[in-house]
Amino acid sequence: MKKSLHLLIFKPISTGANYIMENETIKSLFSFFCVLWFINRLLLMLAGGNVKYWGTVYSLPIDQYIGFNLFPYILDFISLILISFFIACLCWANFILWTEVSFIKLFKISLIISCLQQIPGFIRLILLYPMQFLYLSKPFLAQIIYDSLNFIANLSEIYIVFLFIVLLYKQTKVNRLGIAIFVIVVLLCVTELQNIFIQSIS
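Reading guide: rules and limits
- Residues numbered from 1 in each chain as written.
- Predicted model: local features only at pLDDT ≥ 70, side-chain atom pairs only at ≥ 80, totals over all residues.
- Heavy atoms only, no water.
- Patch = residues over 30% accessible without salt bridge, like charges linked within 9 Å, V, L, I, M, F, W, Y side chains within 5 Å.
- Areas by Shrake-Rupley, 256 points an atom, 1.4 Å probe, with all protein chains shown as cover.
- Salt bridge = Lys/Arg side-chain N within 4 Å of Asp/Glu carboxyl O.
- Helix = DSSP H or I, 4+ residues; strand = E, 2+ residues; numbered from the N terminus.
- Buried < 20%, exposed > 50% of the residue type's maximum accessible area, 1.4 Å probe, protein only.
- Contact = heavy atoms within 4.5 Å.
- Phe/Tyr/Trp six-rings, centres within 6.5 Å; stacked < 30°, edge-to-face > 60°.
- pLDDT = per-residue confidence, 0-100.
- Expected span 1.5 Å × (residues − 1).
- Core = buried A, V, L, I, M, F, W, Y, C linked by side-chain atoms within 4.5 Å.

Peer 1: Go over a nonpolar patch on the surface with me, naming the residues and quoting the values.
Peer 2: The grouping of Val35, Phe38, Ile39, Leu42, Leu46, Phe122 and Ile126 at the surface amounts to a nonpolar patch, some 600 Å² of accessible area in total. Where the nonpolar patch is concerned, the elements lending two or more residues are α3 (26–46) and α7 (118–126). It is α3 that contributes the most residues to the nonpolar patch, five residues altogether.

Peer 1: Describe the side chain of Gln118, naming the residues involved and giving the relevant values.
Peer 2: With respect to the helices and strands, the residue Gln118 is situated in helix α7. Judged by relative accessible area, Gln118 falls into the buried class, the value being 7%. Excluding residues within four positions of it along the chain, Gln118 makes contact with Phe33, Leu36, Trp37, Asn40, Arg41 and Leu80.

Peer 1: Talk me through the packing of aromatic side chains; I want residue IDs and the actual numbers.
Peer 2: Tallied over the full model, the rule gives eight aromatic pairs. Both rings, one in Trp37 and one in Phe77, keep their centres 5.1 Å apart while their planes meet at 70°; by these two values the pair is edge-to-face. One end of the pair, Trp37, is in helix α3; the other, Phe77, is in helix α5 (residues 71–95), with 40 residues separating them in the sequence. A relative accessible area of 12% means that Trp37 is categorised as buried.

Peer 1: An account of the environment of Gly178 is needed here, citing residue identities and associated values.
Peer 2: When you line up the elements, Gly178 lands in helix α10 (residues 176–201). On a C-alpha basis, the gap between Gly178 and Ile165 in space is 9.7 Å, while along the polypeptide they are 13 residues apart.

Peer 1: Explain the confidence of the model for the protein to me, using residue names and the numbers behind them.
Peer 2: In regions of low pLDDT, the predicted coordinates are not meant to be interpreted in detail. Looking at the protein as a whole, the pLDDT averages 80, with 82% of positions reaching at least 70. Within the protein, the element-level pLDDT minimum falls on helix α4 (residues 63–66), averaging 60, and the maximum on helix α6 (residues 103–116), averaging 90.

Peer 1: Run through unusual backbone geometry, naming residues and quoting values.
Peer 2: Leave glycine aside and you will find that most residues have negative phi; peptide bonds, for their part, are mostly trans. Even without glycine at this site, Lys173 takes up a positive phi of about 60°. Tracing the sequence through the fold places Lys173 in the loop between α9 (139–172) and α10.

Peer 1: Before we move on, can you summarise the pattern of salt bridges with the specific residues and values?
Peer 2: Using the criterion set out here, one finds one salt bridge in the structure. Here Arg41 makes a salt bridge to Asp76, at a shortest N to O gap of 2.7 Å. Here Arg41 is found in helix α3, whereas its partner Asp76 is found in helix α5, with 35 residues between them in sequence. Look at Asp76 and you get buried, because its relative accessible area is 4%.

Peer 1: I'd love a proper account of α6, names of residues and values included.
Peer 2: Spanning 14 residues, α6 covers 20 Å between terminal C-alpha atoms, matching the ideal 20 Å at 1.5 Å per step. Where burial is concerned, most of α6 is hidden: 11 out of the 14 residues are buried. Of the residues making up α6, those classed as buried are Leu106, Phe107, Lys108, Ile109, Ser110, Leu111, Ile112, Ile113, Ser114, Cys115 and Leu116.

Peer 1: How would you sum up the nonpolar core? Please name residues and give values.
Peer 2: Counting 34 residues, the largest nonpolar core has Phe164, Leu167 and Leu168 as the members making the most contacts within it. For this core, the secondary structure elements donating two or more residues are α1 (2–10), α2 (12–23), α5, α6, α9 and α10. Filtering out sequence-adjacent residues up to four positions away, Leu167 remains in contact with Leu8, Ala17, Ile20, Met21, Ile109, Ile112 and Ile113. Core analysis: the next-biggest nonpolar cluster, separate from the first, contains eight residues, Trp37, Tyr73, Phe77 and Cys115 among them.

This is how it looks when you write it as structure tokens:
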């Protein structure tokens, strides 16, 4: 997985996109996503933050033993997997009109993007906990570091969209501009649906 991600990030067009699709399985991608998700949520808890669905009030019997509400984290994990499946379905419904493409490959692409989307959050969180202490002594320096990390995280989100386009193009060979427009529309729709869902259960 390490080599696949390295090639995808640094050589997406030449070898990375094809290599990760040929050498990684849904199982390996899902396992890697689980690891990244767990690390991200652990860092979020250490920094005193909450997941998107924290407003959901539903207690589980295990909550009294672990000391926090587990249900929002379960809902967060399930929603991300469902979003990956939903994006794969949208891609298949669109590209099947123009070319012959496997749903499994599209689901793999969706899982790859779900893994990559954990990276911006990781960048923002990795130094957030120690920076809380730096704010007490050197607030100006801490703010510069935080703004720099936030800028890098924003750039990585844009690059992830680019990688999504490259992966889809490599598998479908459909017009690149059309793929770019489709990806942007899909991501905007998914974000809006997420917001509506969060508001409905809060």
